[in-house]
Amino acid sequence: MKSQQDIAQLKPFQARAVIEHLRKGSVPIEYVPFFTVGRTQWLTLIEDDLENYIGQGGSKVRFINGDYGDGKTHFMSVIQHLALEKKFAVSFVVLTREVPIHKFEVVYQQIVQQLRSSEEQSGLRPLVTQWLNSLEESLTDKPDAVIALTESLRNLPGMNLNFANALSGMLEHRFMAKNLEHPEENESRQEILFQWLEGQKISKKDLQPFQIFESLSKTNSKHLLRSLIAFLKYLGYQGLILLLDELETIIAQGTAVRNSAYENIRLLIDNTEQTEFMHIFFSIIPDVLSSEKGFKSYDALWSRVRSVGEGKKLNYRGVLVDLHRTPLETREFVDLGLCLRQIHEIAYRWDAQNSIQNPLIEKLCETQNKMGLLSEIRLFIKSIISYLDMAEQGNVPDAQSDVIDHITSNQREMEQEKLEQLQPKWDS
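The residue count restarts for each chain, going from 1 along the sequence in the order it is written. Given that the model is predicted, a residue must reach a pLDDT of at least 70 before its local features are reported, and side-chain atom pairs must reach 80 or more before they are shown or counted; all residues, however, enter totals for whole chains, interfaces and linings. Excluded from the side-chain calculation are hydrogens and water; included are all heavy atoms of the structure.

## Observations concerning the overall build of the chain
Consideration 1: Scanning the chain from terminus to terminus reveals 19 helices and six strands.
Consideration 2: The globule rule used here is 2.2 Å times the number of residues to the 0.38 power, and the radius of gyration it is set against is calculated over C-alpha atoms. Computed over C-alpha atoms, the radius of gyration of the chain comes to 24 Å, within 12% of the 22 Å expected from 2.2 N^0.38 for 428 residues, which places it in the range of a compact globule.
Consideration 3: For the chain, the spread of C-alpha atoms along the three principal axes comes to 80 × 50 × 40 Å.
Consideration 4: Counting only residues that meet the buried cut, the chain has 54% of its 428 residues in that class.
Consideration 5: Whether two residues are in contact is decided by their heavy atoms, any of which lying within 4.5 Å being enough. Residue pairs at least 24 apart in sequence account for 74% of intrachain contacts in the chain once pairs closer than 6 positions are excluded.
Consideration 6: Here the open area of atoms and residues is found with the Shrake-Rupley method and a 1.4 Å probe, where only the protein chains shown may cover a residue. Split by element, the accessible area of the chain, about 20,000 Å² in all, is 47% carbon and sulfur. Only DSSP runs of H or I with at least four residues qualify as helices, and only runs of E with at least two residues qualify as strands; both kinds are numbered from the N terminus onward. Relative accessibility under 20% of the residue-type maximum defines a buried residue, over 50% an exposed one, and the middle range a partly exposed one, all with a 1.4 Å probe and only protein chains included.

In C-alpha cells, the structure reads:
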C-alpha cells in the first residue's frame, strides 16, 4: 500500500483515471498500489514463491477463488506489480468469448500481446526490438558473432527450433542483410517474423526462407509458450507469470466446450512437471469448485483438484488462494475509504475531508458488516465513490443519512451487472 505522501504525488489526470475505472467496476492496473490494503499473508507467501521457487526453476498453477466483488482482479493486479518488481515478465489475460481457454492457441496470442516486461512496455514486439537495439554495437558488421548467437539461441533449454529460427531471422535481417539488392524487402521480411512470433497465420511460402516449418496451432502452442519462457530467461528475466482472469465463464458453455477447456487446464497442471520458471494464476468463483458444471464434471481434472479448499483451516501455501474466506477486516476497509477519498480530492481538486468525514466512512463499514456484505470490496468502493461524487457536487450526506438505502441502491446496480456477466456469451 502506498502512503498518503505517495498518493499526494498523483497528478489530477492520474487520480481521475483511478476513479473513472473504479466507478465502472474495473481495476486501473497501473495504479493498483495506490489503493491496495490487506491480504498481506497471501501476498507475502506468493512473493516468497516467486523469489524462492518460480525464480529458481519451479512451476505451478494456482486458483484465486472469490465471488463477484471479492477483489480477484484487483488481487491479480497486485501480483502483477509484485512480479514486475521481481524482474518477471507478466501477461494478464481476460478470458472471453474471443479468448476462450479451450482454444489455447488463441490464449497464446493474447499472452504474447499482453506480455509486460515493465510497467511501461507491453507486447512481445517492443521487447524483441529492444533486444535487437541492445545488440547494435556488438553485432553490426560481425557476421561470425551473429552466427554464434544464433547457435546459442537454438541450444537454449526448452527452445523450439522454429521459434529460434524466427529470432535468428531477426538477427540476420538486422545485422547481415545489408547486401540485399532490394532493401525495401527488409521491412517486409521483418514484419513476417514479428507476425509469426505474435502467433498470426503466415503462409508456408513466406516462412520457408527462415526455415520455419509451422505456424501457431493447438498442437504446438504450449511448446511455443516454453520457447517464450526460454527467450525471457535468456534476456535476464526471472520467468513468466500468467494471470488468466474470469475462468468462471466456462460454466455457461456447452458440455463439449467445457470438457475441452477443462482438458487444457488439466494439461497445464500436468505440464508444470516439465515446465520451468512459470506460475499460472486462474481466477474463479466458488461455483467452479462446487457446481455440477464446474471442475467436478470432468474426472481427469477433478481427480487433480478435488482436495482444493476442502480443509477447514486455510493453507496459505495451497493451490487455492481463497479470497472468499479471507475478506478484508473493518479497519482495512476504513483505510481503503481514506485512500479513495484522498484520490478523489486530487482528481477533482476539492477538499473532501469536511464533506465525507471519517465517521461516515466507519458507519458505511459497520452497516455493510451488519448487512453481511463486508466481504464485498467492490460494493464498498462503489458506495464510497458515489458518496464522494455527490458531495463534490454539493449534495453532502449528513451523519444521519440512510446508509442502508445507499448500500442497497449500489448493491442493486451490482446485481444487475452480475446478471449480465452470467448471461451465456460463448458459442456452445
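Additional details are given in the paragraphs that follow.
## Observations regarding empty space enclosed by the protein
Consideration 1: Here the term cavity refers to a set of points on a 1 Å grid, laid over the protein atoms alone, in which a 1.4 Å probe fits but cannot get out; the term pocket refers to an open set having protein on both sides within 12 Å along at least five of seven lines, with lining residues being those that place an atom within 4 Å of a point. Grid points are joined across faces, edges and corners, and a volume is the space filled by probe spheres set on the points. Taken as a whole, this structure holds two cavities of 30 Å³ or more when the rule is applied.
Consideration 2: Empty space within the largest cavity amounts to approximately 290 Å³.
Consideration 3: Taken together, 23 residues make up the lining of the largest cavity; nearest its centre are Val27, Gly71, His74, Ile377 and Ile381.
Consideration 4: Where the lining of the largest cavity is concerned, the elements lending two or more residues are helix 4 (72-85) and helix 18 (377-392).
Consideration 5: It is helix 4 that provides the largest number of residues to the lining of the largest cavity, a total of five residues.
Consideration 6: Lining the second largest cavity, in full, are Lys222, Leu225, Arg226, Leu268, Asn271, Thr275 and Met278.
Consideration 7: For the lining of the second largest cavity, the elements supplying multiple residues, two or more each, are helix 12 (221-235) and helix 13 (255-271).

## Here we look at helix 12
Consideration 1: By this rule the span expected of a helix is its residue count minus one, scaled by 1.5 Å. Its 15 residues give helix 12 an end-to-end C-alpha distance of 21 Å, which sits within 8% of 21 Å, the value for a rise of 1.5 Å per residue.
Consideration 2: Taken together, the buried positions of helix 12 are Ser221, Lys222, Leu224, Leu225, Ser227, Leu228, Ile229, Ala230, Phe231 and Leu232.
Consideration 3: Residue Gly236 follows helix 12 closely and has a positive phi angle near 105°.

## Remarks on helix 13
Consideration 1: Its 17 residues give helix 13 an end-to-end C-alpha distance of 24 Å, which sits within 8% of 24 Å, the value for a rise of 1.5 Å per residue.
Consideration 2: For helix 13, the set of buried residues is Val257, Arg258, Ala261, Tyr262, Asn264, Ile265, Arg266, Leu268, Ile269 and Asn271.
Consideration 3: Buried residues belonging to helix 13 abut strand 1 (59-65), helix 5 (104-113), helix 12, strand 5 (278-284) and helix 15 (299-305).

## Concerning the sheet that holds strand 4 (residues 240-245)
Consideration 1: We call two strands paired when DSSP finds no fewer than two bridges between them. Read from one edge of the open sheet, six strands run 3-2-4-5-1-6, paired in mixed fashion. Taken across any chain shown, the strands that pair with only one partner, and hence form the sheet edges, are strand 3 (115-116) and strand 6 (320-322).
Consideration 2: The pairing of strand 2 (residues 89-94) with strand 4 spans six bridges and is parallel. What sits directly across from Val90, in strand 4, is Ile241.
Consideration 3: To obtain each axis, a line is fitted to C-alpha atoms, and for helices this fit is confined to the stretch in contact; angles are then taken between N-to-C directions over 0 to 180 degrees. With respect to the sheet, helix 5 is in contact with strand 2, strand 3 and strand 4, its orientation differing from that of strand 2 by roughly 130°.
Consideration 4: Running over the sheet, helix 12 touches strand 2, strand 3, strand 4 and strand 5 and is turned about 135° from strand 4.

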